[in-house]
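Summary of structural features
One letter stands for each residue in the lines below.
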Amino acid sequence: MISNKKILITGGAGFIGSHLVEALVGLGNEVVVLDNLLRGNKIVSDVFKKITFIKADVNDFNQVLEASIGCDMIFHFAAILGVDIVADNPMETMETEVIGTQNVVRAALQNNISKIIYASTSGVYGHNALEQTVTEEILVDPTTSYAMAKRYNEIYLASLQEEKGIDCICLRFFNVYGPRQDSRMVVPRFIEQAKAGRSITVYGSGKQTRDFTYIDDTIKATIKLASNVTGFEIFNVANELESDISTLAEKIRVFTESKSEITLINAPAKRYDYEVGRRVGSSDKLMRFTGFKPTTSLDEGIKSILEYAR
Ligand SMILES: NC(=O)c1ccc[n+]([C@@H]2O[C@H](COP(=O)([O-])OP(=O)(O)OC[C@H]3O[C@@H](n4cnc5c(N)ncnc54)[C@H](O)[C@@H]3O)[C@@H](O)[C@H]2O)c1
């Protein structure tokens, strides 16, 4: 486990970042967060008091350099995401990914930091996820600016590791969900609609499937990988459970005791992601390297979110 380390987390005020901050502080680490607060601050106040927070843009090299002084490792999680936001802002999305990651790398080199853990995405698989439960070895086929930039960074970090010896671990997250996620994403959006008694709106046929990975599992996997793995590696962080979106909507309606209707609507044209009919990840590699794989079922995860909100 990681303890007594100084750690920089970019994007640490976001959904996954804020849970990671909490876990790493709990393990006795000194945590620095660099975030421009694009999505507000999701770090709970008790934890916020125990960290150093720097409101800055990851595209600003000097800020990243200063934030990372004395750090042992960097978790690079700052990103622009959300299907609509990415479709409307492809250049900003790529710029934050590409420039931001270069800044993290340059700062790591200058400050002699030996490990970078990078948040990539299952989106890199694109349509190639259709026929199988995807392993890290299958050909990638990114279809959005966001997924293309994530894949570019994976390749960039592989060459960094080879040339400079910095350990680089890339995590391909599969639809992470949990408390404090905002309603850009499907699970909180359905919960919000169900609680308000509005229609739960499902895009397309509702038969497209995703692999929903609960936040606690995601954080456990992230910390175990950061502790155990060296060199360059890519890992799926996935639950291996395939759920279609209509079933997700129905579960949320039942667990919230809502009278909302579930309505199928046409996906907006720019939502290319919905064209990917199936995306389920294999966590075999994660298991091989850490002895851990996510186990929280969708039912348990949804109930935990509702419990947290109460
Ligand atoms: N949530 C998921 O299901 C999922 C899936 C795959 C990959 N990821 C990746 O995991 C990481 C965290 O995602 P999340 O769900 O917590 O998203 P999030 O939007 O909640 O968090 C991203 C954080 O990055 C910050 N940020 C954005 N642009 C910035 C900039 N230019 N400078 C500094 N900070 C900036 C935002 O303010 C936010 O706090 C991202 O890299 C994302 O691409 C998430």
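One can find the structure itself at the top, above this paragraph.
These lines cover the structure that appears in this document, whether it is placed above or below.

About the criteria used
Residues numbered from 1 in each chain as written. Predicted model: local features only at pLDDT ≥ 70, side-chain atom pairs only at ≥ 80, totals over all residues. Near = placed C-beta within 6 Å. Helix = DSSP H or I, 4+ residues; strand = E, 2+ residues; numbered from the N terminus. Nonpolar A, V, L, I, M, F, W, Y, C, P; charged D, E, K, R; others polar. Axes fitted to C-alpha atoms, helices over the stretch in contact; angles between N-to-C directions. Parallel < 35°, antiparallel > 145°, perpendicular 65-115°, else oblique. Left-handed = near helix turned anticlockwise from the far one by under 90°. Contact = placed C-beta atoms within 7 Å. Buried ≥ 20, exposed ≤ 12 C-beta atoms within 10 Å, placed from the backbone. Core = buried A, V, L, I, M, F, W, Y, C linked by C-beta atoms within 7 Å. Pairing = 2+ DSSP bridges.

Attention now goes to the site of the ligand. Taken together, 26 residues form the shell around the ligand, and within it Gly11, Gly14, Leu38, Ala79 and Ala119 come nearest. Looking at the shell around the ligand, the elements that each hand over two or more residues are helix H1 (15–26), helix H5 (90–110) and strand E5 (115–121). Tallying contributions element by element places H1 first for the shell around the ligand, with 3 residues. Counted by class, the shell around the ligand contains 14 nonpolar, 9 polar and 3 charged residues.

Here the focus is the packing of H5 against helix H6 (residues 145–164). The N-to-C vectors of H5 and H6 enclose an angle of 15°; their axes lie 9 Å apart at closest approach. One finds that H5 runs roughly parallel with respect to H6. Helix-helix and strand crossings are classified by hand; for H5 and H6 the assignment is right-handed. The residues of H6 that touch H5, namely those facing Pro90, Thr93, Met94, Glu97, Val98, Thr101, Val105 and Leu109, are Ser145, Tyr146, Ala149, Lys150, Tyr152, Asn153, Tyr156, Leu160 and Lys164. Within the contact of H5 with H6, the residues separate by chemical class into 10 nonpolar, 4 polar and 3 charged.

Time to look at unusual backbone geometry. If a residue is not glycine, its phi is most likely negative; likewise, a peptide bond is most likely trans. Non-glycine residue Asn4 carries a positive phi angle of around 55°. Mapped onto the fold, Asn4 is located in the segment before strand E1 (6–10). Asn4 gets classed as exposed once you count the C-beta atoms within 10 Å, which come to 9. Even without being a glycine, Leu37 presents a positive backbone phi close to 60°. In this fold, Leu37 is placed in the loop between strand E2 (30–35) and helix H2 (45–48).

Okay, the nonpolar core next. Counting 84 residues, the largest nonpolar core has Ile9, Ile74, Ile116, Leu171 and Phe190 as the members making the most contacts within it. Every residue in contact with Ile116, bar those within four places of it in the chain, is listed here: Ile74, His76, Val104, Ala108, Leu157, Ile166 and Cys168.

To continue, consider the sheet that holds E1. The sheet built from 7 strands is open, its strands ordered E3-E2-E1-E4-E5-E6-E11 with parallel pairing. The sheet terminates laterally at strand E3 (52–55) and strand E11 (232–237), the two strands that pair on one side only. Direction aside, neighbouring strands of the sheet carry axes that sit 15° apart on average. Summarising the sheet, E2 and E3 pair through 4 bridges and their orientation is parallel. Of the residues in E3, the one forming a bridge with Asp35 is Lys55. The strands that H5 touches are E1, strand E4 (73–76) and E5; relative to E4, the one it contacts most, it runs at about 180°. The sheet strands contacting H6 are E5, strand E6 (167–173) and E11, and the helix crosses E5 at an angle near 155°.

Our next topic: the pairing of E4. Neither face of E4 is open: one carries Met73 and Phe75, the other Ile74 and His76, and all of them are buried. Note that E4 and E5 share 4 bridges and pair parallel. From the neighbouring strand, Phe75 faces E5, where its bridge partner is Ile117.

These figures capture arrangement, not role.
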